[in-house]
Amino acid sequence: MKVASNGLELNVEERGGGNLSLVFLHYWGGSSRTWKHVTAKLAPHFRTVAIDHRGWGESDPPSDGYALADLAADAEGVIQALQLKRYVLIGHSMGGKVAQLMASRRPAGLAGLILVAPSPPQPMTMPADAREMMAGSYASRQAVEAAIDNVLTAKPLSAADREQVITDSLRGAAPAKIAWPRATSLEDITAQVGAISVPTIVVAGELDRVDSPDLLRAELLSRVPRAVMRELPGTGHLSMLESPDALVSIIEDFCLSLGGSTR
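Residues numbered from 1 in each chain as written. Predicted model: local features only at pLDDT ≥ 70, side-chain atom pairs only at ≥ 80, totals over all residues. Heavy atoms only, no water.

(A) Here's a closer look at the sheet that holds strand β1 (residues 2-5). In space, the eight strands of this open sheet follow the order β1-β2-β4-β3-β5-β6-β7-β8, with mixed pairing throughout. The open sheet has two edge strands, β1 and β8 (227-232), and neither has a second partner. Direction aside, neighbouring strands of the sheet carry axes that sit 25° apart on average. Sheet topology note: the β1/strand β2 (residues 8-16) ladder contains four bridges and is antiparallel. Within β2, the position partnered with Ala 4 by the bridge is Glu 9. Contacting β6 (110-116), β7 (200-205) and β8, helix α9 (residues 213-221) crosses the sheet at an angle of about 170° to β8. (Pairing = 2+ DSSP bridges. Helix = DSSP H or I, 4+ residues; strand = E, 2+ residues; numbered from the N terminus. Axes fitted to C-alpha atoms, helices over the stretch in contact; angles between N-to-C directions. Contact = heavy atoms within 4.5 Å.)

(B) Representation of the pairing of β7. Counting buried positions along β7 yields six of six residues, so the element is predominantly enclosed. Neither face of β7 is left uncovered, since the one carrying Thr 200, Val 202 and Ala 204 and the one carrying Ile 201, Val 203 and Gly 205 both have all their residues buried. By the bridge criterion, four bridges tie β6 to β7 in an arrangement that is parallel. Bridging from a neighbouring strand, Leu 115 pairs with Val 202 of β7. Judged from the six bridges that link them, β7 and β8 form a sheet pairing that is parallel. Its bridge partner being in β8, Ala 204 is matched across the sheet by Glu 231. (Buried < 20%, exposed > 50% of the residue type's maximum accessible area, 1.4 Å probe, protein only.)

(C) Molecular detail of the pattern of salt bridges. Scanning all chains against the criterion turns up 13 salt bridges. A salt bridge links Asp 168 to Arg 33; the nearest nitrogen and oxygen atoms lie 2.8 Å apart. Separated by 135 residues along the polypeptide, Asp 168 in helix α6 (residues 159-171) and Arg 33 in the loop between β3 (21-25) and α1 (36-42) bring together distant segments of the chain. Since its relative accessible area comes to 2%, Asp 168 is described here as buried. Salt-bridge contacts for Arg 54 lead to Asp 74; the nearest nitrogen and oxygen are separated by 2.6 Å. Residue Arg 54 is located in the loop between β4 (47-51) and α2 (68-81), and its partner Asp 74 is located in helix α2; the two are separated by 20 residues in the primary sequence. (Salt bridge = Lys/Arg side-chain N within 4 Å of Asp/Glu carboxyl O.)

(D) Spatial organisation of the environment of Ala 179. Topologically, Ala 179 is positioned in helix α7 (residues 174-182). Separated by 113 residues in the primary sequence, Ala 179 and Tyr 66 place their C-alpha atoms 6.2 Å from one another. Aside from chain neighbours lying at most four places away, what touches Ala 179 is Tyr 66 and Thr 184.

(E) Up close: the packing of helix α4 (residues 128-135) against α7. At a minimum axis separation of 8 Å, α4 and α7 run at an interaxial angle of 155°. In terms of orientation, α4 lies roughly antiparallel with respect to α7. Crossing handedness for the pair α4 and α7: right-handed. Contacts between α4 and α7 involve Arg 131, Glu 132, Met 134 and Ala 135 from the first element and Lys 177, Ile 178, Trp 180, Pro 181 and Arg 182 from the second. Within the contact of α4 with α7, the residues separate by chemical class into five nonpolar, no polar and four charged. (Parallel < 35°, antiparallel > 145°, perpendicular 65-115°, else oblique. Left-handed = near helix turned anticlockwise from the far one by under 90°. Nonpolar A, V, L, I, M, F, W, Y, C, P; charged D, E, K, R; others polar.)

(F) Structural detail: the nonpolar core. Residues Leu 22, Leu 89 and Ile 251 are the most contacted members of the largest nonpolar core, which totals 82 residues. Excluding its chain neighbours within four sequence positions, the residues that come into contact with Leu 89 are Val 23, Leu 25, Ile 79, Ala 99, Met 102, Ala 103, Leu 110, Gly 112, Leu 113 and Ile 114. (Core = buried A, V, L, I, M, F, W, Y, C linked by side-chain atoms within 4.5 Å.)

(G) Structural context of the side chain of Arg 54. By relative accessible area, Arg 54 is classed as buried at 5%. Only 2.6 Å separates the side chain of Arg 54 from the side chain of Asp 74, close enough to count as a polar contact. (Polar contact = N/O pair within 3.5 Å; in protein donor to acceptor, adjacent residues only side chain to side chain.)

(H) Highlighting the packing of aromatic side chains. Evaluated as defined, the whole model comprises three aromatic pairs. For the pair Trp 28 and Tyr 138, a centre-to-centre distance of 4.4 Å together with 35° between the ring planes defines the contact as tilted. Linking Trp 28 in the loop between β3 and α1 with Tyr 138 in the loop between α4 and α5 (141-152), this pair joins segments that are 110 residues apart in sequence. Between the aromatic rings of Trp 56 and Tyr 138, the centroid separation amounts to 6.3 Å while the plane-to-plane angle is 90°, which identifies the pairing as edge-to-face. Placement of Trp 56 in the loop between β4 and α2 and of Tyr 138 in the loop between α4 and α5 is noted, with a sequence separation of 82 residues between them. Among the aromatic residues, those joined into a ring-pair cluster are Trp 28, Trp 56 and Tyr 138. (Phe/Tyr/Trp six-rings, centres within 6.5 Å; stacked < 30°, edge-to-face > 60°.)

See the structure below:
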């Protein structure tokens, strides 16, 4: 369904029901579909809300406005429009950095934070030429396939999931594709994340080549007061596609610890 938020029409996939809502924010190159295996298993017990960021999936693709603050305002608008009274933010990679900024503002109704292979709060360290190579990672099918095989995954994806990743990456709007590597990933929110006060769990893939467990321990767990880490063995950056059952189990246990319950 489409939800009006922050001057845009954003695509939102909503499933299930319950007294605790789970709001999912995807990675640079993904869409709400990235979470489909996870939301399918959680929906019998929770209300799941997966958002297409601006410029990705079926959401509006403005020509600019791809900063963390813009992406956060989009998600905040969806939460308000759907009148979510109590919710957990679940952000992956780029979406994880957006979720950190949102949580640092201590919004009403936020019960917990789950950061899945999140981009840490400090600026991404990368040489300029490598950053430009990254900006072209989704320029062609061959480039996306190379990213899947050499960067994003440690386990082979099913044929259907692999095709979905390729399709989502290619269909992203041009401004969305270049904003993260050239600008948004350089934003520094290290001063803000210390204000996160809700229970926080960081889920790291043991073999993640984008945001490794060691990097997350050094740059994120050291700054977020109540954060703890869970590591997924043999898993790369796309744990929701590589190890969905293990990720679902972590999410369920965390949410039940917050008092979330079945319908």
